[in-house]
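The primary structure of each chain is shown beneath.
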Amino acid sequence: MVAAMSGAPDHPVSVTSSPGEVLALLRTGAAETRADIARVTGLARSTVSQRVDALIAHGFLTEEADGGSTGGRPPRRLRLRTREHAVAGVDLGASHCRVALMDIGGEMLALREDPLSIADGPREVLGHVERTLHTLLDEAARDPESLQAIGVGVPGPVEFSTGRPVDPPIMPGWHQYPIPEFFAERFGPRALVDNDVNVMALAEQRRAFPDTRYLLYIKVGTGIGCGIVADGRLHRGAQGSAGDIGHIRVGDIEEPCRCGNSGCLEAVAGGAAIARKLSELGLRATSGSDVVALVKSGNRDAVRMVREAGRAVGEVLAGLVNFFNPDTVVVGGALAAVHDQLLAGVREAVYRRSHPLATHVLRIEPSRTGENAAAIGAGILAVEHALSPRQVDRALAGTAR
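Residues numbered from 1 in each chain as written. Predicted model: local features only at pLDDT ≥ 70, side-chain atom pairs only at ≥ 80, totals over all residues. Heavy atoms only, no water.

Looking up the chain in an unreviewed UniProt entry gives the name ROK family protein, with the organism given as Streptomyces rectiviolaceus. Per UniProt, the chain has the following entry under Sequence similarities (unreviewed entry): "Belongs to the ROK (NagC/XylR) family." (UniProt positions renumbered as here; feature names shortened; annotations may be inferred.)

Structure (structure tokens):
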């Protein structure tokens, strides 16, 4: 599991090889033994022993004899010590809350989902998360002190450096709310807050497509957004707003959008927009979930509209493919539950409008991490912070946050 999560540490491994960088080598599979570390880094064996012994003393590593030895002294493998270290991944959606408790090797320890409206405001929503996290810690028999970091995905724009939402359209009362400080006061470790589609992209790349370096994750739900993985790392842009494709104009359509403009992709192809069009035909549909149910029941209007929505998404995506040249595009979100119809429209537009070289090895796939993508991705965000070389070195120096 560690290797699957190790796609790109927060900080590149350096030849200086501090204890944190040594741990990164082990975590990414570049080394398994003390001898491996010495060979990869060029460090003296005595220096390697100092680094490794410090990591073992602080509970990051364990050293075990390899049972596969066929004679002589068996090699001793260094492994990540997961029992004493945990992280939390929090997925706050428009109408749900998922909290995942994971160990730092990426194994799921406990998971809970509850219906919850983000519009209830930060105090009520985050208070619910606090209570849920304590419940999960009890279920997994872990102390709150075992938490090393908390990742949080929210359905709105986030200034990643501060972890504060910025004018989120469906999150009234959340503008500039200090989410990291809320968790720091109650649990101690740092909380990292990001847009939900970013953590979904992280989960998909680390868990489902670890060999992919350039990936776009398209979330098609009530709204539409894009998470960008470039050279194995999340790309957030200068202020954290990269990937806001839901408000790119589509053709000459004048459909009004909640952002105040008209013709936005979200207003044309989002789950709420499709539901509204179906309700105008006399069908019972108020959300993307209702659209999915109608498609699965074989309703022709719903099938047609979802495929048309896929074409609209594909029109925008074709420009992204030409510009960014990803090797993998993953489509997730509520409407991905009917991915046969949705992806048919997406692929049709992308392959028609993108340059042949940009689509030569391109694959367009449905999400493989499913409804837990954001909770898993938020947990991975927390793991990669807790095990980043800088953070590990701080922990060994007694200055970690």
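It is not clear to me how helix α14 (residues 389–397) should be interpreted in this structure. Could you clarify?
Think of an α-helix as turning once every 3.6 residues; residues three or four places apart then point the same way. Here α14 has its buried residues at P389, Q391, V392 and L396. Seen end-on, α14 carries its buried residues on one side only, within an arc spanning 165 degrees. Next to the buried residues of α14 lie α2 (19–27), α4 (45–57) and α13 (373–386). At the C-terminal side of α14, G398 shows a positive phi close to 75 degrees. (Buried < 20%, exposed > 50% of the residue type's maximum accessible area, 1.4 Å probe, protein only. Helix = DSSP H or I, 4+ residues; strand = E, 2+ residues; numbered from the N terminus. Arc of directions from axis to C-beta. Contact = heavy atoms within 4.5 Å.)

Which parts of the structure should I look at to understand the sheet that holds strand β11 (residues 224–230)?
Sheets are built from strands that pair by backbone hydrogen bonding, the pairs being arranged parallel or antiparallel. Reading across the sheet, the five strands line up as β12-β11-β10-β13-β14 and stay open at both edges, with mixed pairing between neighbours. Two strands close off the open sheet at either side, each with one partner strand: β12 (233–234) and β14 (363–366). When strand β10 (residues 215–220) meets strand β13 (residues 328–332), the two strands line up parallel, connected through five bridges. Among the inter-strand pairings, Y217 is bridged to a residue of β13, identified as V330. (Pairing = 2+ DSSP bridges.)

Can you walk me through the nonpolar core in this structure?
Soluble globular proteins tend to bury their nonpolar side chains together. Counting residues in hydrophobic clusters, the biggest one holds 44 residues, and the most contacted among them are L23, I37, L55 and Y217. Of all the secondary structure elements, the ones that give two or more residues to this core are α2, α3 (34–41), α4, β2 (76–80), α7 (196–208), β10, α13 and α14. Ranked by residues supplied to this core, first place goes to α13 with eight residues. Once residues lying within four places of it in the same chain are set aside, the contact partners of I37 are V22, L26, A31, G42, V48, V52 and L78. L265, I274, L294 and L317 belong to the second largest nonpolar core, which has 39 residues in total. (Core = buried A, V, L, I, M, F, W, Y, C linked by side-chain atoms within 4.5 Å.)

Whenever I open this one, the packing of helix α10 (residues 288–296) against helix α11 (residues 300–324) confuses me. Can you help?
Pairs of packed helices are described in terms of their axes, by the angle between the two and the distance that separates them. Direction vectors running N to C along α10 and α11 enclose 120 degrees, while the axes themselves pass 7 Å from each other. Here α10 is positioned oblique relative to α11, judged by the angle of their axes. Of the two possible hands of crossing, α10 and α11 adopt the one that is left-handed. Between α10 and α11, the residues in contact are V291, L294 and V295 and A302, V303 and V306, respectively. Residue composition of the contact of α10 with α11, by class: six nonpolar, no polar and no charged. (Axes fitted to C-alpha atoms, helices over the stretch in contact; angles between N-to-C directions. Parallel < 35°, antiparallel > 145°, perpendicular 65-115°, else oblique. Left-handed = near helix turned anticlockwise from the far one by under 90°. Nonpolar A, V, L, I, M, F, W, Y, C, P; charged D, E, K, R; others polar.)

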